[in-house]
Amino acid sequence: LDVYNLPQELKYLPIIEPALNPNAESPTGGVGLWQLPLETAKTYDLEINSLVDERRDPIKSTWAAVHYINDLYSIYRDWDLVIAAYNCGPDNINKAIHRSGGTRDYWKIYNRLPNDTRGYVPAFIAANYVMNYYCNHNICPMVADLGQNTDTIQINHRLHFQQIADICKINIDEIRALNPQYKMDIVPGGKLYTLRLPIDIVSKFIDNEDAIYKDRVNELLANHETVALEQSLKSAATPASIKSSSNSSNESEDTSNHRHYRSYRKHHYTSSARKTRSSKKSRSSKKSKHSKHSKQTKKHSRKHSKRRR
């Protein structure tokens with residue numbers, strides 16, 4: 001928010017729906033602290049496939065969300081409209097403005113907005129009030145246990161969290177909590193990925209790196225090949241058009257490599273195909289044998305009938 005020169009109060013947006021849970025998922029498709037829909041996340045360069053969903057990464061998703069908010073502000077220049085557009089997408093806001101005679105007053109287009117969005121802006125105002133004036137209402141905040149200090153390392157090899165847990169003697173749940181973006185406990189490899197670990201475990205990882213990569217490879221990393229599939233999903237927002245029309249301070253960034261992968265486990269489908277072919281072959285063989293046996297039986301019956309005559 002500092003980098004984009006945006007109001008600090010926007011930091012309370014992740015309280016409203018996800019309750020600061022990086023793994024939160026909404027029925028409408030929003031994921032992570034900032035409840036980013038798929039198409040918006042793709043537009044702002046977040047990687048999403050069967051193994052990784054960077055909408056769950058607290059740091060990367062925050063950069064994407066703030067960039068998106070900045071782009072929305074460059075269009076509407078009104079924070080009520082920006083927050084509403086963040087919730088339901090600019091298309092819905094533009095329709096409401098058009099149907100209200102062109103007014104850009106949030107409270108005048110209020111009745112033409114989706115039901116969820118009508119409550120979203122007031123909820124944001126309420127969250128801001130509570131976070132700043134809780135003492136006036138005898139509300140005492142709980143002290144959060146944020147655990148020990150952490151650091152990051154860059155990984156370019158395929159790696160399972162259990163390999164780290166085995167060699168570095170750390171609870172796998174702690175690794176998951178620090179790295180919510182890896183959906184299957186696997187760092188895909190093939191390029192640099194960030195892994196966050198407690199500081200004392202980082203040194204253990206570096207000292208035992210070779211042993212970690214070799215630990216139970218066939219058991220933990222077999223049958224997890226991902227294959228990219230094209231997918232076209234509808235989204236309330238049209239972030240691509242927003243980004244191209246905005247005067248964001250980061251317009252010079254290269255966004256030509258937006259990618260989305262929806263992957264599946266290749267071995268499942270290939271093995272299923274083999275089973276299907278095998279089953280068909282078996283049925284075909286049985287049918288052929290049955291037909292041959294039936295013809296022989298009929299032939300033998302005719303011969304036996306002639307002899308009796």
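Residues numbered from 1 in each chain as written. Predicted model: local features only at pLDDT ≥ 70, side-chain atom pairs only at ≥ 80, totals over all residues. Heavy atoms only, no water.

**Digging into the overall build of the protein**
- When helices and strands are tallied, the protein shows 14 helices and 4 strands.
- Split into buried and exposed, the 309 residues of the protein put 36% on the buried side.
- Nonlocal contacts in the protein, meaning residues at least 24 apart in sequence, comprise 68% of its contacts between residues at least 6 apart.
- In the structure as shown, the protein presents an accessible area of about 19100 Å², 49% of it carried by carbon and sulfur atoms. (Helix = DSSP H or I, 4+ residues; strand = E, 2+ residues; numbered from the N terminus. Buried < 20%, exposed > 50% of the residue type's maximum accessible area, 1.4 Å probe, protein only. Contact = heavy atoms within 4.5 Å. Areas by Shrake-Rupley, 256 points an atom, 1.4 Å probe, with all protein chains shown as cover.)

**Thoughts on helix α5 (residues 90–99)**
- Among all positions in α5, only Pro90, Ile93, Ala96 and Ile97 are buried. Seen from one end, α5 has its buried residues packed into an arc of 125°, which puts them on one side. The outward face of α5, more than 90 degrees from its buried face, is lined by the exposed residues His98 and Arg99.
- Residue Gly101 follows α5 closely and has a positive phi angle near 80°. (Arc of directions from axis to C-beta.)

**Observations regarding the pattern of salt bridges**
- Per the stated rule, a full pass over the model turns up 10 salt bridges.
- Across the pair Arg56 and Asp53 runs a salt bridge, and its minimum N-O distance is 3.8 Å. The pair Arg56 / Asp53 is uniform in exposure class, with both members buried.
- Put simply, Asp166 and Arg216 hold a salt bridge, and the shortest N to O gap is 2.7 Å. Taken as a pair, Asp166 in helix α8 (residues 161–168) and Arg216 in the loop between α11 (209–214) and α12 (217–221) lie far apart in primary sequence, 50 residues in all.
- With a relative accessible area of 32%, Arg216 lands in the partly exposed category. (Salt bridge = Lys/Arg side-chain N within 4 Å of Asp/Glu carboxyl O.)

**Regarding the side chain of Ser61**
- As for its placement among the helices and strands, Ser61 is situated in helix α3 (residues 58–76).
- A polar side-chain atom of Ser61 sits 2.6 Å from the main-chain carbonyl oxygen of Asp57.
- Apart from the residues lying within four places of it in its own chain, the contact partners of Ser61 are Trp34, Leu36, Leu46, Glu54 and Arg55. (Polar contact = N/O pair within 3.5 Å; in protein donor to acceptor, adjacent residues only side chain to side chain.)

**Quick word on the confidence of the model for the protein**
- In the predicted model, the protein carries a mean pLDDT of 81, and the fraction of residues at 70 or more is 72%.
- Residue range residues 227–237 is modelled with pLDDT below 50. Its contacts to residues more than four positions away, or to other chains, number 27 contacts.
- Scored below 50 in pLDDT, residues 247–284 shows 53 contacts in the model against residues more than four places distant or in partner chains. (pLDDT = per-residue confidence, 0-100.)

**Observations concerning a nonpolar patch on the surface**
- A cluster of nonpolar side chains, Tyr129, Val130, Tyr133 and Ile139, forms an exposed patch at the surface whose accessible area comes to about 370 Å².
- The topology assignment puts Tyr129 in helix α7 (residues 115–133).
- A relative accessible area of 40% means that Tyr129 is categorised as partly exposed. (Patch = residues over 30% accessible without salt bridge, like charges linked within 9 Å, V, L, I, M, F, W, Y side chains within 5 Å.)

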